[in-house]
Amino acid sequence: MRDTPSGREPVALRRASRGGARHPLVELTLARFREFLREPEAVFWVFMFPVIMTCALGIAFRSRGQEPVIAGVVEQAGADEVASALEAAGGFTVRRIPPDEVDRAVRDGRAPVVIVPGTPPTYRFDEARAESQVARLAVDRALQKAAGRNDAFTPVEQPVQNVGSRYIDWLVPGLLGMNIMSTGLWGVGFSIVQARTKKLLKRLVATPMSKAHYLMSHVFSRLLFLALEVVVIVGFAWFFFDVQVHGALWSLAGLALLGALSFGGLGLLLASRARTIEAVSGLMNLVMLPMWVLSGVFFASTNFPEPMQPFIKLLPLTALNDALRAVINEGLAIAAITTEIAILATWGVISFALSLRLFRWQ
Amino acid sequence: MKRYGPVTAVDGLDLKVLRGECFGLLGPNGAGKTTTIEILEGLLHADEGEVRILGEQWRTDAESLRRRLGIQLQETQLADKLTVAETLRLFRSFYPGGPSVDELLDLVELRPKRDAWVSKLSGGQKQRLSVACALAGKPELLFLDEPTTGLDPQSRRQLWEVLERFREGGGTILITTHYMDEAHTLCDRVGIMDQGKLIALGTPRELVASLGAEHVVEFALADGQRVDEALLTALPGVKDVRRDDTHLHLSTSELHRTVPALLELLSHRQATLSQLGTHSATLEDVFVTLTGRQLRDA
């Protein structure tokens, strides 16, 4: 700009003045992008891993509304009567259990409830498992009816069949958030530490390159992949599992962008001092593992005790997952998730600022 | 001066490099060459002392100096999965002026490798690429830290040609090396370093002449035979006698008188030669004479 008074020369001219090279920020970002695409393993982990995960979990936890309740019956006198009563009631799969294996059958999930025939019969079940409790209720109802109990009234049953309330609908935003986190941290942290161990960082600071450009290029190149990542995961879940995005697509895009910037900043921070790949890997796992568990990827974070909730809410992945679910599942607008957005932005800004201060170039 | 804890890596170095010259910093591994050059490059800070480069100082003019210098580091590995042209374009983008990417490729004779990944280059090609990156901003001063270590003779000569071309354009070079022949070929002046100190400074010719003996006679005797060093010192023309594991080395100013006298002495003592050779004195001999150690195993 300095050599032209107008500061508005055409792009072609500007390129010529750099000997055929583009703006350093563009070249740095392109270099990062190319290096990533030429690393097949990296591409696999970023794109295939979440797809395989969605697929596996989608199949494992597919909707089971129609499925029969499995009831174990201990093989002893009276077993046949119990079995036929259950079969007559309908909706049960009866599994015969040898008398010495009752507790094991409940424990290993062969039968969530086991009936020991007798007068009255005994129900063996696991109080702590919802599945077990539901089976006990269903079995009890069928056997009481068979023994002559009459319902006081017959309720009108109206099952809600909402797409968007299945486990897979709940899971996909969590997987998306988890993926934005792990690729943000790995994509930025790994390549920086690698450049440091190869003394490439040292070589780069020996040029007039702007250090901020270098750090920004890592975060920017993340954004290019991010678009692909989000499209692949959301597209896959929609095509195979009919998971719908109920909110506006641009809200989803904006959230993904904010999430990626925020975790990219965190990746920079984690990589700012580490000297070896092992050191940075350890740090990343230390940061990611608690969030995998606490931030509601596979199960709701509300399962954790009340006193922990304020802390869990402040984690960046909790904020991202909650916001993604609000947009994807509930179709809420950005205005409804300003708290989550503020949490994510704060994490991003603080970690970027800290890493600028702490960064070790050689 | 540069200290690492109790270790003083570079101590009391005082030297001037003139514009347009090629200055070589020689010495064995661990002599402090890299520390010295990295202080000059602004990558390390001297604990004491002053550095002026092209009339500027790191403390106040770092930004401008970065643009005017070309730097090649000893251990840098460029990104494996970028092509040669992509790597050069990246480095070129950091500088406001300089040759185009294609001109750089021609300068280091890598045009046929334009689109090859860096990981597919030979050691010599990687070093030339590394030098091309250093030349991307059309530097006035080029720093090279052991650019030819580990290269085969042909690759070394190719790199020397690149450096010669840079000098023809008026550039200044400061190079470190532990190859004495390289210093002899490339450098106008050399400084020899050992254990953090500068122990000799001058043109290669001056330094060799300072030995007072232009030739070296090396010989070895058949098993178990010995000859008194005092007798050797007394031979005509001999300035210095040195013994290593296998050979005896005589520095001499008068080869034509020393060799016949040596042969006569040995036949008189009925000693059998297993090996005999002579060479013109080199910078290597200067180092050996100054430190009593060989450069390679110092």
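Residues numbered from 1 in each chain as written. Chains lettered and ligands numbered in written order. Predicted model: local features only at pLDDT ≥ 70, side-chain atom pairs only at ≥ 80, totals over all residues.

**Topic: the sheet that holds strand 3 (residues 113–116) of chain A**
Residues and elements named next belong to chain A.
Okay, so step 1: On the basis of which strands lie adjacent, the open sheet formed by 4 strands has the order 2-1-3-4 and mixed pairing. In this open sheet, the two strands that pair with only one neighbour each are strand 2 (92–97) and strand 4 (122–125). Across this sheet, the average inter-strand angle for adjacent strands is 30 degrees, counted without regard to direction.
Okay, so step 2: Taken together, the 3 bridges between strand 1 (residues 69–74) and strand 3 define a ladder with parallel strand orientation. Bridged to Val-73 within strand 3 is Ile-115.
Okay, so step 3: Contacting strand 1, strand 2 and strand 3, helix 4 (residues 79–89) runs over the sheet at an angle of about 165 degrees to strand 2.
Okay, so step 4: Packing against the sheet, helix 6 (residues 130–146) makes contact with strand 1, strand 2, strand 3 and strand 4, and its axis sits at approximately 165 degrees to strand 4. (Pairing = 2+ DSSP bridges. Helix = DSSP H or I, 4+ residues; strand = E, 2+ residues; numbered from the N terminus. Axes fitted to C-alpha atoms, helices over the stretch in contact; angles between N-to-C directions. Contact = placed C-beta atoms within 7 Å.)

**Things to note about helix 4 of chain A**
Residue and element names in this part refer to chain A.
Okay, so step 1: Considered for burial, the residues of helix 4 that qualify are Val-82, Ala-85 and Leu-86. Looking straight down helix 4, one finds its buried side chains confined to an arc of 95 degrees; they lie on one side. Relative to its buried face, helix 4 has exposed residues pointing more than 90 degrees away, namely Asp-80, Ser-84 and Ala-88.
Okay, so step 2: In the core, the buried residues of helix 4 are packed alongside strand 1, strand 2, strand 3 and helix 6.
Okay, so step 3: With its phi angle positive at about 85 degrees, Gly-90 sits one or two positions after the end of helix 4. (Buried ≥ 20, exposed ≤ 12 C-beta atoms within 10 Å, placed from the backbone. Arc of directions from axis to C-beta.)

**With respect to the sheet that holds strand 8 (residues 197–202) of chain B**
Sheet strands pair via backbone hydrogen bonds, and the direction of the pair is either parallel or antiparallel.
Residues and elements named next belong to chain B.
Okay, so step 1: Taken in spatial order, the 6 strands line up as 4-5-6-3-7-8 in an open sheet, and their pairing is mixed. Single-partner strands in this sheet number two, and they are strand 4 (69–72) and strand 8. Here the strands of the sheet are splayed against their neighbours by 15 degrees on average, with no regard to which way each runs.
Okay, so step 2: Bridging between strand 3 (residues 22–26) and strand 7 (residues 189–194) involves 4 bridges; their strand directions are parallel. By the bridge assignment for strand 7, Leu-26 is matched with Ile-192.

**Regarding the interface of chain B and chain A**
Interface size is commonly expressed as the accessible surface area that is lost when the partners come together.
Okay, so step 1: Counting residues at the interface gives 26 residues for chain B, matched by 24 residues for chain A.
Okay, so step 2: When contributions to the side of chain B that touches chain A are tallied by element, the ones reaching two or more residues are helix 2 (58–68) and helix 3 (84–92) of chain B.
Okay, so step 3: The element best represented in the side of chain B that touches chain A is helix 3 of chain B, accounting for 5 residues.
Okay, so step 4: Split by residue class, the side of chain B that touches chain A holds 12 nonpolar, 5 polar and 9 charged. (Nonpolar A, V, L, I, M, F, W, Y, C, P; charged D, E, K, R; others polar.)

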